[in-house]
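So you can see what is in the structure, the chains are spelled out below.
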Amino acid sequence: MQNISDGNAMRMEISARSDNESFARVVVAAFCTKLNPTLDEIADIKTAVSEAVTNCIVHGYENGPGVIVIRCEIEEETVTVVIEDYGVGIDDVDSSGMGFSFMEAFMDSIKVESEPGEGTRVIMTKQLGSRSV
C-alpha cells in the first residue's frame, strides 16, 4: 500500500503517546465497519492495531516524542492496515520480540519493514465479511 489505489482509503497521524493508542484502534475499527465484520473480526483488528501502535511508542520512540502514521485501505473484502513510525528502527526484524507474533495471530498476514535510525513499518491484512450465511 505504498500508493493509494482505487480502493477506499484513509490516513491519519497521531502523536506517539500512550493515550492515543485507544483512539487509533477505534478509528481503524470504525473504518472497517463498511465490510460488515463480525465482533470477533473487529476485536482482532483492534488488538493488532493496539499492539502495533504500542510498539511504536515504546520501542520506536522509546517513550519519547514522535509521530505515528496509520493508513488503511479496503479493496473488495480485504482491509490493509499500515502502521509506521520514524523512530529508532529494528536491527534484526527476524529476531524481534513477541509483539509481531502476537499481531500475526490476529491478522491474516503481517509484514515488517525496518531500517535502523529510520523507523519501522508494519503492514497487516485481514479479509472480512466473507463468511457464508
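Here is what the cut-offs are and how they apply
Residues numbered from 1 in each chain as written. Predicted model: local features only at pLDDT ≥ 70, side-chain atom pairs only at ≥ 80, totals over all residues. Heavy atoms only, no water. Axes fitted to C-alpha atoms, helices over the stretch in contact; angles between N-to-C directions. Helix = DSSP H or I, 4+ residues; strand = E, 2+ residues; numbered from the N terminus. Left-handed = near helix turned anticlockwise from the far one by under 90°. Contact = heavy atoms within 4.5 Å. Nonpolar A, V, L, I, M, F, W, Y, C, P; charged D, E, K, R; others polar. Core = buried A, V, L, I, M, F, W, Y, C linked by side-chain atoms within 4.5 Å. Buried < 20%, exposed > 50% of the residue type's maximum accessible area, 1.4 Å probe, protein only. Pairing = 2+ DSSP bridges. Polar contact = N/O pair within 3.5 Å; in protein donor to acceptor, adjacent residues only side chain to side chain.

Regarding the packing of helix α1 (residues 21-32) against helix α2 (residues 39-60)
Part 1: Relative to each other, α1 and α2 sit at 145 degrees, their axes nearing to 9 Å. For the pair α1 and α2, the crossing hand works out as right-handed. Within the contact between the two elements, α1 uses Glu21, Ala24, Arg25, Val28, Ala29 and Cys32 and α2 uses Ile42, Ile45, Lys46, Val49, Ser50, Val53 and Thr54.
Part 2: Looking at the contact of α1 with α2 residue by residue, the classes come out as 8 nonpolar, 2 polar and 3 charged.

Here's the deal with the nonpolar core
Part 1: Counting residues in each nonpolar core, the largest one holds 34 residues, and the members touching the most others are Val28, Val49, Val53, Ile68, Ile70, Ile83 and Met124.
Part 2: Where this core is concerned, the elements lending two or more residues are β1 (8-15), α1, α2, β2 (67-75), β3 (78-85), α3 (98-106) and β5 (119-127).
Part 3: The residues contacting Val49, other than those within four sequence positions of it, are Ala24, Arg25, Val28, Val81, Ile83 and Met124.

A word on the environment of Ser50
Part 1: With respect to the secondary-structure elements, Ser50 resides in helix α2.
Part 2: Separated by 24 residues in sequence, Ser50 and Val26 have C-alpha atoms that sit 9.4 Å apart.
Part 3: With near-sequence residues (within four places) excluded, Ser50 lies in contact with Glu21 and Arg25.

Some remarks on unusual backbone geometry
What you tend to see is this: most non-glycine residues have negative phi, and most peptide bonds are trans.
Part 1: Even without being glycine, Asn36 reaches a positive phi, approximately 55 degrees.
Part 2: If you trace the backbone, Asn36 turns up in the loop between α1 and α2.
Part 3: Positive phi is not limited to glycine here, since Glu62 has a value of about 50 degrees.
Part 4: Mapped onto the fold, Glu62 is located in the loop between α2 and β2.
Part 5: Relative accessible area serves as the criterion here: at 56%, Glu62 is assigned to the exposed category.

Remarks on the pairing of β2
Part 1: For β2, the buried fraction is high: 7 of the 9 residues fall into the buried class.
Part 2: The pairing of β1 with β2 spans 8 bridges and is classified as antiparallel. Its bridge partner being in β2, Met10 is matched across the sheet by Cys72.
Part 3: Of the pairings in the sheet, the one linking β2 to β3 comprises 8 bridges and is antiparallel in character. Counted as the bridge partner of Val69 is Glu84 from β3.
Part 4: Linkage of β2 to β3, two consecutive antiparallel strands, is achieved through a turn of 2 residues, within which Glu76 is found at a positive phi near 55 degrees.

Overview of the environment of Glu84
Part 1: Tracing the chain through its elements places Glu84 in strand β3.
Part 2: Its relative accessible area of 11% is what places Glu84 among the buried residues.
Part 3: Ignoring sequence-local partners within four residues, the contact set of Glu84 consists of Cys56, Val67, Ile68, Val69, Arg71, Thr120 and Arg121.
Part 4: One polar contact links Glu84 to Arg121, side chain to side chain, over a distance of 2.8 Å.

Function cannot be inferred from these measures alone, as they are strictly geometric.
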